[in-house]
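Topology and contacts: notes
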Amino acid sequence: MMREWSNATMDYAIEHEESGTRGVFHLRTQGRRVGELTYRRTGPAQVVADHTWVDPSLRGQGAARHLQDALVAWARSTQTKVVPQCSYVRVQFERNADMRDVRA
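Residues numbered from 1 in each chain as written. Predicted model: local features only at pLDDT ≥ 70, side-chain atom pairs only at ≥ 80, totals over all residues. Heavy atoms only, no water.

1. Thoughts on helix α2 (residues 87–95)
Those residues of α2 lying buried are V89, Q92 and F93. End-on, the buried residues of α2 take up no more than an arc of 100°, which puts them together on one face. Each element contacted by the buried residues of α2 is listed here: β4 (32–43), β5 (46–54), α1 (63–78) and β6 (81–84). (Buried < 20%, exposed > 50% of the residue type's maximum accessible area, 1.4 Å probe, protein only. Helix = DSSP H or I, 4+ residues; strand = E, 2+ residues; numbered from the N terminus. Arc of directions from axis to C-beta. Contact = heavy atoms within 4.5 Å.)

2. With respect to unusual backbone geometry
Phi is positive for Q30, which is not a glycine, with a value near 45°. Take Q30: it is sitting in the loop between β3 (22–29) and β4. Residue Q30 is classed as exposed on the basis of its relative accessible area of 70%. A positive phi angle, close to 55°, is found at Q79, a residue other than glycine. Exposure remark for Q79: the relative accessible area of 68% places this residue in the exposed category.

3. Here we look at the environment of R76
In this fold, R76 is placed in helix α1. Placed 32 residues apart in sequence, R76 and P44 show a C-alpha to C-alpha distance of 14 Å. Contact partners of R76, with chain neighbours within four places excluded, come to D98, M99, D101 and V102.

4. Observations concerning the pairing of β4
When β3 meets β4, the two strands line up antiparallel, connected through eight bridges. Residue pairing for β4: L27 is matched across the bridge by G35. With antiparallel pairing between neighbouring strands as the criterion, β3 and β4 make up a hairpin whose turn holds two residues, including Q30 at a positive phi of roughly 45°. The pairing of β4 with β5 spans eight bridges and is classified as antiparallel. (Pairing = 2+ DSSP bridges.)

5. Thoughts on the pairing of strand β2 (residues 11–19)
Here β2 runs beside β3; their pairing, made up of seven bridges, is antiparallel. Pairing of E17 across the sheet is with V24, part of β3. Between the end of β2 and the start of β3, which pair antiparallel, lie two residues, with G20 showing a positive phi angle near 65°.

Here it is, written out as C-alpha cells:
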C-alpha cells in the first residue's frame, strides 16, 4: 500500500508494512522516515493502534492525520477493527465520526 501526500514544500509517501503481529505506516520523504503510526495485531480482524510519531518539522501540518487516514482506509479495505490506545488516534476517533466505523 502506498499513498501520496504533499505539503507546500515537499512530497511524501505513506507506506504500510506488517510482519507477524506488528505493523507500521511510515511517512517518508527523500529516503528518510519522518513519521509513523504503529499497531499490534490482537486477532485476525483487530489491531491496537499504539503509537504515532511525526518529526517536529512537520507538526501542525496534518502529517499525523494523513497517517491515521491511511490506517482507517486499510482497516476498511481489510475489514479490520482498530482499538485506539495511542492518545492521538483516540482523540481523532472521538472528534471524527466519519472514521468510527473501524473503531473496535
